[in-house]
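Structural characterization, general
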Amino acid sequence: MKFLDKLERKHPRWGIPNLMMHITILTAIVFVMGIFRSDFVNYLYLTRAGVLEGQIWRLVSFVLVPPSWSIIWIVFILYFYYFVGNALESAWGTLKFTAYYVICMLATIAAAMIFGGGYAGTYVNLSLFLAFAFLYPDLELLLFFVLPIKVKYLAYIDVAFLLISFITGTLTTKLAIVASLAGFLIFFGQEIYRRIKMWIRREQYKNKMKR
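Let me sum up the structure you'll find in this document. (Residues numbered from 1 in each chain as written. Predicted model: local features only at pLDDT ≥ 70, side-chain atom pairs only at ≥ 80, totals over all residues. Heavy atoms only, no water.)

Examining the overall build of the protein
The helix and strand tally for the protein stands at 10 helices and four strands. For the protein, the succession of helices and strands along the chain, N to C, is α-α-β-α-α-α-α-β-α-β-β-α-α-α. Residue burial in the protein is summarised as follows: out of 211 residues, 40% are buried. Considering only intrachain contacts with a sequence separation of at least 6, the fraction spanning at least 24 residues in the protein is 70%. About 12700 Å² of surface is accessible on the protein, with carbon and sulfur atoms providing 68% of the total. (Helix = DSSP H or I, 4+ residues; strand = E, 2+ residues; numbered from the N terminus. Buried < 20%, exposed > 50% of the residue type's maximum accessible area, 1.4 Å probe, protein only. Contact = heavy atoms within 4.5 Å. Areas by Shrake-Rupley, 256 points an atom, 1.4 Å probe, with all protein chains shown as cover.)

A look at the nonpolar core
Counting 52 residues, the largest nonpolar core has Leu88, Trp92, Tyr100, Tyr101, Leu128 and Phe132 as its most contacted members. Taken together, the elements giving at least two residues each to this core come down to helix 2 (19-36), helix 5 (71-92), helix 6 (94-115), helix 7 (122-135), helix 8 (151-168), helix 9 (171-180) and helix 10 (182-210). Examining the composition of this core, we find that 10 residues originate from one element, helix 7, more than from any other. Every residue in contact with Leu128, bar those within four places of it in the chain, is listed here: Met20, Val84, Leu88, Phe97, Tyr100 and Tyr101. (Core = buried A, V, L, I, M, F, W, Y, C linked by side-chain atoms within 4.5 Å.)

Here's the deal with the pattern of salt bridges
A full pass over the atoms with the stated rule returns four salt bridges. Among the salt bridges present, the one from Lys152 reaches Asp138, with a minimum N-O distance of 3.2 Å. Here Lys152, found in helix 8, pairs with Asp138, found in the loop between helix 7 and strand 3 (140-143); they are 14 residues apart in sequence, far enough to count as distant. For Lys152, a relative accessible area of 23% translates into the label partly exposed. (Salt bridge = Lys/Arg side-chain N within 4 Å of Asp/Glu carboxyl O.)

Re the packing of helix 7 against helix 9
Remark: helix 7 packs on helix 9, axes separated minimally by 8 Å, with the N-to-C direction vectors making an angle of 40°. In this structure, helix 7 crosses over helix 9, and the sense of that crossing is right-handed. Every residue of helix 9 that contacts helix 7 at Tyr123, Val124 and Ser127 is listed here: Thr173, Ala176, Ile177 and Ser180. Tallied by class, residues from the contact of helix 7 with helix 9 come to four nonpolar, three polar and no charged. (Axes fitted to C-alpha atoms, helices over the stretch in contact; angles between N-to-C directions. Left-handed = near helix turned anticlockwise from the far one by under 90°. Nonpolar A, V, L, I, M, F, W, Y, C, P; charged D, E, K, R; others polar.)

Some words on unusual backbone geometry
Of note, the phi angle at Asn18 is positive, near 55°, even though the residue is not glycine. Accessibility expressed as a relative area gives 35% for Asn18, which makes it partly exposed.

Description of the side chain of Thr94
Mapped onto the fold, Thr94 is located in helix 6. Only 2.9 Å separates the side chain of Thr94 from the side chain of Glu89, close enough to count as a polar contact. (Polar contact = N/O pair within 3.5 Å; in protein donor to acceptor, adjacent residues only side chain to side chain.)

Details of the layout of surface pockets
A volume near 550 Å³ is recorded for the second largest pocket. Around the second largest pocket, the lining is made up of 18 residues, and of these Leu130, Phe134, Val159, Phe184 and Ile192 lie nearest the centre. Of all the secondary structure elements, the ones that give two or more residues to the lining of the second largest pocket are helix 7, helix 8, helix 9 and helix 10. If you tally residues by element for the lining of the second largest pocket, the top one is helix 8, at seven residues. (1 Å grid on protein atoms, 1.4 Å probe; cavity = no way out; pocket = protein on both sides within 12 Å on 5 of 7 lines; lining within 4 Å. Points joined across faces, edges and corners; volume = space filled by probe spheres on them.)

Set out below in structure tokens:
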């Protein structure tokens with residue numbers, strides 16, 4: 001992303017510092033409010049009908065919908081969101097990380113406005129982990145703060161979950177998954193293509209040597 005690199009050098013203060021900290025704190029607040037009044041959360045989902053009725057906050061609030069209503073799970077999930085987001089912001093800088101997140105949001109908004117349906121930010125946040133795993137595949141984490149496991153293996157689980165959800169999910173689910181990968185493909189698509197070409201060349205060379 002040479003364009004973003006140049007933009008960040010010219011405008012180092014652009015972007016939203018500690019973006020994931022703000023998102024996780026607000027999601028935690030929504031979680032607590034949702035426990036006492038579950039219908040409140042219905043006004044946060046991204047829907048075309050809602051936006052067209054003037055509920056423009058839905059264009060942002062959908063990323064704050066909690067991915068789980070289990071107190072135990074939400075603690076782990078929000079901590080993980082913050083950890084991954086903070087790591088990406090440290091690696092890329094505030095502007096690039098903000099751009100990545102906004103790209104995923106805009107793609108989801110486009111899907112909602114074109115095809116309809118109700119959207120939360122679950123898959124947007126899952127795409128952050130794919131970016132993290134692509135940058136740090138061999139980094140070892142403590143799963144549930146106990147089990148040591150390399151990030152790449154967690155990424156395989158993440159990809160498997162996305163594939164299963166895409167195959168078995170509704171049209172809205174499929175669109176949400178595709179939209180959430182927009183940032184990942186824009187940031188890493190060229191590198192993935194380069195690696196695939198290198199792998200194909202290696203395999204072709206190996207086949208020639210066997211003959």
